[in-house]
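Listed below, chain by chain, are the residues.
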Amino acid sequence: MEKIIYRVAPNYKSLDAWVKQLPDYFTDHGKTIFKSRNEVKIFECGGQLLNVKSFKVPNWINRFVYVYFRGSKAERSFRYAQNFLRLGISTPEAVAFIECHSNGLLKNSFYVSLHCQYDFTLREVLNYQVPGREEILKQWIKFTYEKLHLNGVFHLDYSPGNTLINKIGDSYEFNIIDLNRMKFREIPFVLGLKNFRQLDTDIKTIEFIAKEYAMLNGEDSSAAVRKLKEFHLANVSSRRRHMKIKKFIRGIFRSGRDD
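Since the model is a prediction, treat every value here as computed from it, not as a measurement.

### Structural notes on the pattern of salt bridges
Across all of its chains, the model carries 6 salt bridges by this definition. Its salt-bridge partner being Asp178, residue Lys53 comes within 2.8 Å of it at the nearest N-O pair. Here Lys53 is found in strand 4 (residues 48-55), whereas its partner Asp178 is found in the loop between strand 10 (171-176) and strand 11 (182-184), with 125 residues between them in sequence.

See the structure below:
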């Protein structure tokens, strides 16, 4: 039995009919701006530019878990975005989420937000592609500490592509995206440092970030540098192991097809 569950934010009730038909509309309409495990498209509707993320169909266990225990990635994205805005943390405004259930299990899910125009992402900053790099990083580290960590927000996928940046005069505005994996808890200094482990940047930048974060916390900068280097190197090693495992599994499947 097929069932659609959806929720539209109060400010966007005029889009209710459009949201409800989105599962049938998504594949053949809109402009794709990202496609990997998930697909992101832009739609124009009701004078609004909308960003729609279609999540990959989860494995069989999570198809059950996301319905009865945890909430889908789409529903969590919607809820966490509303939490962010209540806390004064910039993120694209949540419009709706949609879940498609089949025989009591989650099949497809979609998260709809306003589309966020931006000048560049943190990735370009870390890759030395944007002028004023040091000042941007200083403001971003302060944003992370004051807006996220002091509010008890720990982004579990705080990777460079998930911070969108706009330059406004001499300051920078940071919008956080990809919100479906969060923890809300008190964040002591060392855990806060750990939030910078996924940056995939050079050691000099890791040292700079550690020192700036330590200064904001009133902690020892040398100890912070050592600890963040540990987190960074552990993350690099973990990614390499993961890639080797994926490569090994792909090799097995290719070998099976050749037989």
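Still to come is the rest of the account.
### Digging into a positive patch on the surface
On the surface, Arg37, Lys56, Arg70 and Arg181 cluster together to form a positively charged patch. With respect to the helices and strands, Lys56 occurs in the loop between strand 4 and helix 3 (60-68).

### What to know about the sheet that holds strand 7 (residues 120-121)
Reading across the sheet, the 3 strands line up as 7-9-10 and stay open at both edges, with antiparallel pairing between neighbours. In this open sheet, the two edge strands, each paired with only one partner strand, are strand 7 and strand 10. Against the sheet, helix 6 (residues 133-148) engages strand 7, strand 9 (163-168) and strand 10, with an angle of about 50° to strand 10.

### Considerations on the sheet that holds strand 4
With antiparallel pairing, the 6 strands of this open sheet are ordered in space as 1-5-6-4-3-2. Because the sheet does not close on itself, it has two edges, and the strands there are strand 1 (2-8) and strand 2 (31-35). Neighbouring strand axes in the sheet, compared pairwise and without regard to direction, differ in orientation by 20° on average. Two strands pair when backbone bridges link them, and strand 3 (residues 39-45) and strand 4 are joined in this way by 7 bridges, in the antiparallel orientation.

### Quick look at the packing of aromatic side chains
Considering all chains together, one arrives at 15 aromatic pairs under this definition. Taking the centre distance of 5.4 Å and the plane angle of 80° together, the rings of Trp140 and Phe196 count as edge-to-face. One end of the pair, Trp140, is in helix 6; the other, Phe196, is in the loop between helix 7 (189-194) and helix 8 (203-217), with 56 residues separating them in the sequence. Relative to Phe174, the ring of Phe143 has its centre 5.4 Å away and its plane inclined at 40°; by these criteria the two rings are tilted. Of this pair, Phe143 sits in helix 6 while Phe174 sits in strand 10, and the two are 31 residues apart along the sequence. Through a chain of ring-to-ring contacts, three or more aromatic side chains come together here, namely Trp140, Tyr145, Tyr158, Phe189, Phe196 and Tyr213.

### Some thoughts on the nonpolar core
Grouped together as the largest cluster of nonpolar side chains are 63 residues, with contacts concentrated most on Trp18, Leu22, Val112 and Trp140. When residues no more than four places from it in sequence are discounted, the contact partners of Trp18 are Tyr25, Phe43, Cys45, Leu50, Val52 and Val112.

### Brief notes about the state of the cysteines
Taken as a whole and assessed by the stated rule, the structure comprises 0 disulfides. Free of any disulfide, Cys45 has its nearest cysteine sulfur in Cys100, 17 Å distant. Take Cys100: its relative accessible area is 9%, and that puts it in the buried class.

### Concerning the environment of Leu49
Assignment of secondary structure puts Leu49 in strand 4. Through-space distance from the C-alpha of Leu49 to that of Leu228 is 39 Å; in sequence the pair is 179 residues apart. Not counting residues up to four positions away in its chain, the partners in contact with Leu49 are Ile42, Phe43, Glu44, Ser113, Leu114, His115 and Gln117.

### A short note on the packing of helix 6 against helix 8
Look at helix 6 against helix 8: their axes get within 10 Å of each other, and the N-to-C directions meet at 45°. Comparing their axes, helix 8 and helix 6 come out oblique. Regarding helix 6 and helix 8, the two cross each other, and that crossing is right-handed. Note on element contacts: helix 8 touches helix 6 through Thr205, Phe208, Ile209, Glu212, Tyr213, Leu216 and Asn217, opposite Arg133, Glu134, Leu137, Lys138, Trp140, Ile141, Lys142 and Tyr145.

### Details of the environment of Glu99
Along the polypeptide, Glu99 turns up in strand 5 (residues 94-102). The buried category is assigned to Glu99, whose relative accessible area is 7%. A sequence separation of 96 residues divides Glu99 from Lys3, and the C-alpha atoms of the two residues are 8.2 Å apart. With sequence-adjacent residues up to four places away left out, Glu99 is seen in contact with Lys3, Ile4, Ile5, Ser72, Glu75, Leu106, Asn108 and Ser109. Looking at Glu99, its side chain comes within polar contact range of the side chain of His101, at 2.9 Å.

Reading guide: rules and limits
Residues numbered from 1 in each chain as written. Predicted model: local features only at pLDDT ≥ 70, side-chain atom pairs only at ≥ 80, totals over all residues. Heavy atoms only, no water. Salt bridge = Lys/Arg side-chain N within 4 Å of Asp/Glu carboxyl O. Helix = DSSP H or I, 4+ residues; strand = E, 2+ residues; numbered from the N terminus. Patch = residues over 30% accessible without salt bridge, like charges linked within 9 Å, V, L, I, M, F, W, Y side chains within 5 Å. Areas by Shrake-Rupley, 256 points an atom, 1.4 Å probe, with all protein chains shown as cover. Lys, Arg positive; Asp, Glu negative; His and termini not counted. Charge placed at Lys NZ, Arg CZ, Asp CG, Glu CD. Pairing = 2+ DSSP bridges. Contact = heavy atoms within 4.5 Å. Axes fitted to C-alpha atoms, helices over the stretch in contact; angles between N-to-C directions. Phe/Tyr/Trp six-rings, centres within 6.5 Å; stacked < 30°, edge-to-face > 60°. Core = buried A, V, L, I, M, F, W, Y, C linked by side-chain atoms within 4.5 Å. Buried < 20%, exposed > 50% of the residue type's maximum accessible area, 1.4 Å probe, protein only. Disulfide = S-S within 2.5 Å. Parallel < 35°, antiparallel > 145°, perpendicular 65-115°, else oblique. Left-handed = near helix turned anticlockwise from the far one by under 90°. Polar contact = N/O pair within 3.5 Å; in protein donor to acceptor, adjacent residues only side chain to side chain.

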